[in-house]
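# Observations on chain architecture
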Amino acid sequence: ENFTVKNSIKFTFNGNSVTVSGSVTGVTVKTSGAHVTVLSTKGKMRYLLEGSSSNGSFKVITEDGDADNKKFCLTLNGVNLTNPNGPAINIQSGKSVYLLINKNTVNTLCDGSTYTSTASEDQKGTIFSEGQLLISGTGTLNIKSLGGHGICSDDYIRLRANTGTINITSLKDGINTKDKFIMYGGNVTIDSSKDGVSVRRGQFSLFGGILDMTCVDDGIVSDYTNADTACVSIEGGYARISTTGGKGHAIATTGPLTVTGGAVSATVTGNASKCLNVWGDISIKGGNIILLASGEPMYD
């Protein structure tokens, strides 16, 4: 609510080329075929993506400037983008990025099975951001990951209450984030060969929306060592978790688990898999929980 866009640039992908509409002082756009790199020192920008390319990508690098100059809005307006050699969207900015899925649009993003490495630059998924990702907008976003995670942030990921539909099919984690994952809304479906939602060093919090995950490894992962704070907190919404691999737990956390509302349905079928694998306290004060475990109790 407190972010106002002042300048916009539109990128229309068309096969092996891209049309750039708009010019803003402080923003440099470089293109190579349908691969776009934006170098920016300008704040309160909107980059709007539309069109289609099977060999394209979009990268933003925010250069020197204050924190506000590194925040921008990335609007998906019916874009279909595949990068055979890395992320479809690569955000090299350590500050907030407002990812808006435009109303009444279907957007499809896919990475490559192998990534072309770049010195001093992380590339971890179909959508990758060094900074916070704040997702909103009632449209549809389809993500396929052949080489990395579906959505990855080296900070935190927040889904706003007005988030629409997100479908992720991923070779690695469906959603991978460092500091925390917060979900207030949206209908998110994840089909992952690894974890569903993995928080590397922070908390997982579900307040609303539907999170439907089918995973080989763990469903929800939170590696957070603050014993005074719930590592996994479910206060609303609905999480349906199905895991199939050995030691594929529905919820796995190094600290406390708290459920005060919402609903959880967990089914684990792999050997030595648990619905709840919690190192700290488990506190259930409300909500609805169904836990179904099968498979051999031991892992060999």
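Up top you'll find the structure we're talking about.
Before going into details, it helps to say that this report is about the structure given with it. Here the structure is a predicted model, which means the values were calculated and not measured. (Residues numbered from 1 in each chain as written. Predicted model: local features only at pLDDT ≥ 70, side-chain atom pairs only at ≥ 80, totals over all residues. Heavy atoms only, no water.)

### Things to note about the nonpolar core
- By size, the foremost hydrophobic cluster in this structure holds 62 residues, and its most contacted members are Phe11, Tyr47 and Leu74.
- Those residues within four positions of Leu74 in sequence are excluded, and the remaining contacts are Tyr47, Leu49, Phe58, Ile89, Ile91, Val97, Tyr98, Leu99 and Leu100. (Core = buried A, V, L, I, M, F, W, Y, C linked by side-chain atoms within 4.5 Å. Buried < 20%, exposed > 50% of the residue type's maximum accessible area, 1.4 Å probe, protein only. Contact = heavy atoms within 4.5 Å.)

### Overview of the state of the cysteines
- Under the definition given, this model contains zero disulfides.
- The closest cysteine sulfur to the non-disulfide-bonded Cys110 is located on Cys152, 16 Å from its own sulfur.
- For Cys110, a relative accessible area of 10% puts it in the buried group.
- With no disulfide of its own, Cys152 has Cys215 as its nearest cysteine by sulfur position, at a separation of 16 Å.
- With a relative accessible area of 0%, Cys152 lands in the buried category. (Disulfide = S-S within 2.5 Å.)

### Section: the side chain of Ser145
- Tracing the chain through its elements places Ser145 in strand S13 (residues 140-145).
- The exposure class assigned to Ser145 is buried, which follows from its relative accessible area of 4%.
- Here Asp111 takes part through its side chain, which lies 3.2 Å from a polar atom of the side chain of Ser145. (Helix = DSSP H or I, 4+ residues; strand = E, 2+ residues; numbered from the N terminus. Polar contact = N/O pair within 3.5 Å; in protein donor to acceptor, adjacent residues only side chain to side chain.)

### Focus on the pairing of strand S19 (residues 187-192)
- Only one face of S19 is buried: it carries Val188, Ile190 and Ser192, and the other face, with Asn187, Thr189 and Asp191, is open.
- As defined by bridge partners, strand S16 (residues 165-170) adjoins S19 across six bridges and the pair is classed as parallel. Bridge pairing in S19 places Ser170 opposite Ser192.
- Sheet topology places S19 next to strand S22 (residues 210-215); six bridges connect them, and they run parallel. The residue bridging Val188 from the neighbouring strand is Leu211, located in S22. (Pairing = 2+ DSSP bridges.)

### Some details on the pattern of salt bridges
- Applying the stated rule across the entire model yields four salt bridges.
- As a salt-bridge pair, Glu50 and Lys10 come within 3.7 Å of each other at their nearest N and O atoms. With a gap of 40 residues between them, Glu50 in strand S5 (residues 45-53) and Lys10 in strand S1 (residues 7-14) connect regions that are remote in the sequence.
- The exposure class of Glu50 is buried, given its relative accessible area of 18%.
- Overall, the relative accessible area of 33% leaves Lys10 in the partly exposed class.
- Between Asp212 and Arg240 there is a salt bridge; the shortest N-O distance is 2.5 Å. A residue pair is termed long-range when its members are at least 10 positions apart, and Asp212 in strand S22 and Arg240 in strand S25 (residues 238-243) qualify at 28 residues.
- Taking relative accessible area as the criterion, Asp212 reaches 23% and is therefore assigned partly exposed. (Salt bridge = Lys/Arg side-chain N within 4 Å of Asp/Glu carboxyl O.)

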